[in-house]
Amino acid sequence: AAGVIQSPRHLIKEKRETATLKCYPIPRHDTVYWYQQGPGQDPQFLISFYEKMQSDKGSIPDRFSAQQFSDYHSELNMSSLELGDSALYFCASSLGGSGGELFFGEGSRLTVL
Amino acid sequence: AQKVTQAQTEISVVEKEDVTLDCVYETRDTTYYLFWYKQPPSGELVFLIRRNSFDEQNEISGRYSWNFQKSTSSFNFTITASQVVDSAVYFCALSEVFSSNTGKLIFGQGTTLQVKP
C-alpha cells in the first residue's frame, strides 16, 4: 500500500539559507500534519491542513510557512535557517479529522551548518 | 491542557526480560485516542496501537500488550520476553476529539529502551 512520501530525505543547508520540504500524503487522505523532532526530543506539532486550508497551528516559527496544494501534497518552507532548526521533520496524513489514525512518513532530516 | 507524561527516560533490560513502559495523560475531553509509536535508530515512527477512550479492554499482540486504565489516566505498554530488536525509543501520544478538531497528536517525551543480549 502507498505510504506517505517525504522528500528530500536528507538536506544540508547553511545558516540563513532557505529550505523546502515536500510531503505527498496517502491517496485520498485529506489532512496533512507537520512535526519537528529535535535531537533527543519528542515530535512537536507545527501545522496542519485539511482540504487545502490551514486547520491548526502549533509552535511553528514565523520564518516557516506551509501550504497544501490542490493535489493534496504539502510543502514546508523554512527561511533564514538557524542552527536550532536542525531536526527530523515528519509529515503525516490522515483521512478526516479527529480520531483518524495518522500515518507518518519516514521523515526529512535537515542539518543546518 | 492536554499532556502526556512518560516518566521513564531510559530503561535497560537483558534479553528475555519483560519490561513495562509507563504513560500517563491529561485531557479535558471525554473522547480521545491514545497511541504508541516505536522509533528505531533509523528514525521512522512505527505505529503500534491506537486505543479509543471508550474501549478499556486490554490488548495483546504477540509479545506486546497494553493496559488502559481510565481511572488512573494511564496507558502502559508491556513487552514480554524482550529482544534486542525491541531497542528503540517508544512514544505514547494523545489525540483529542473535541478540543482539537484536527486530531493532531501530542507526544510524550519518549522512553529509550535498550535491550542487551
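In this report, the structure presented in the accompanying data block is examined. (Residues numbered from 1 in each chain as written. Chains lettered and ligands numbered in written order. Predicted model: local features only at pLDDT ≥ 70, side-chain atom pairs only at ≥ 80, totals over all residues. Heavy atoms only, no water.)

**What to know about unusual backbone geometry**
- Cis peptide bonds are those with omega within 30 degrees of zero, and the linkage from Ser7(A) to Pro8(A) qualifies with -10 degrees.
- With respect to the helices and strands, the residue Pro8(A) is situated in the loop between strand E1 (5-7) and strand E2 (10-13).
- The phi dihedral of Lys16(B) is positive, around 85 degrees, even though this residue is not glycine.
- Summarising the element assignment, Lys16(B) is placed in the loop between strand E2 (10-14) and strand E3 (19-21).
- Of note in the backbone geometry, Ala81(B) takes a positive phi value of approximately 50 degrees without being a glycine.
- Positionally, Ala81(B) belongs in the loop between strand E9 (74-79) and strand E10 (88-96).
- Take Ala81(B): its relative accessible area is 32%, and that puts it in the partly exposed class. (Helix = DSSP H or I, 4+ residues; strand = E, 2+ residues; numbered from the N terminus. Buried < 20%, exposed > 50% of the residue type's maximum accessible area, 1.4 Å probe, protein only.)

**Brief notes about the side chain of Ser93(A)**
All names here are of chain A.
- Mapped onto the secondary structure, Ser93 falls in strand E9 (residues 87-94).
- The class for Ser93 is buried, based on a relative accessible area of 0%.
- Within the structure, the side chain of Ser93 is placed 3.3 Å from the backbone nitrogen of Ile26, a separation counted as a polar contact.
- Of the polar contacts made by the side chain of Ser93, one reaches the side chain of His29; its length is 2.8 Å. (Polar contact = N/O pair within 3.5 Å; in protein donor to acceptor, adjacent residues only side chain to side chain.)

**Some details on the sheet that holds strand E3 (residues 19-24) of chain A**
All names here are of chain A.
- Taken in spatial order, the four strands line up as E1-E3-E8-E7 in an open sheet, and their pairing is antiparallel. A strand with exactly one partner marks an edge of an open sheet, and here the two such strands are E1 and strand E7 (64-68). Adjacent strand axes in the sheet meet at a mean angle of 15 degrees when their direction is disregarded.
- In this sheet, strand E8 (residues 74-78) lies alongside E7 in antiparallel orientation, the contact comprising five bridges. By the bridge assignment for E8, Ser65 is matched with Asn77. (Pairing = 2+ DSSP bridges. Axes fitted to C-alpha atoms, helices over the stretch in contact; angles between N-to-C directions.)

Such coordinate-based values are descriptive only and should not be taken to indicate function.
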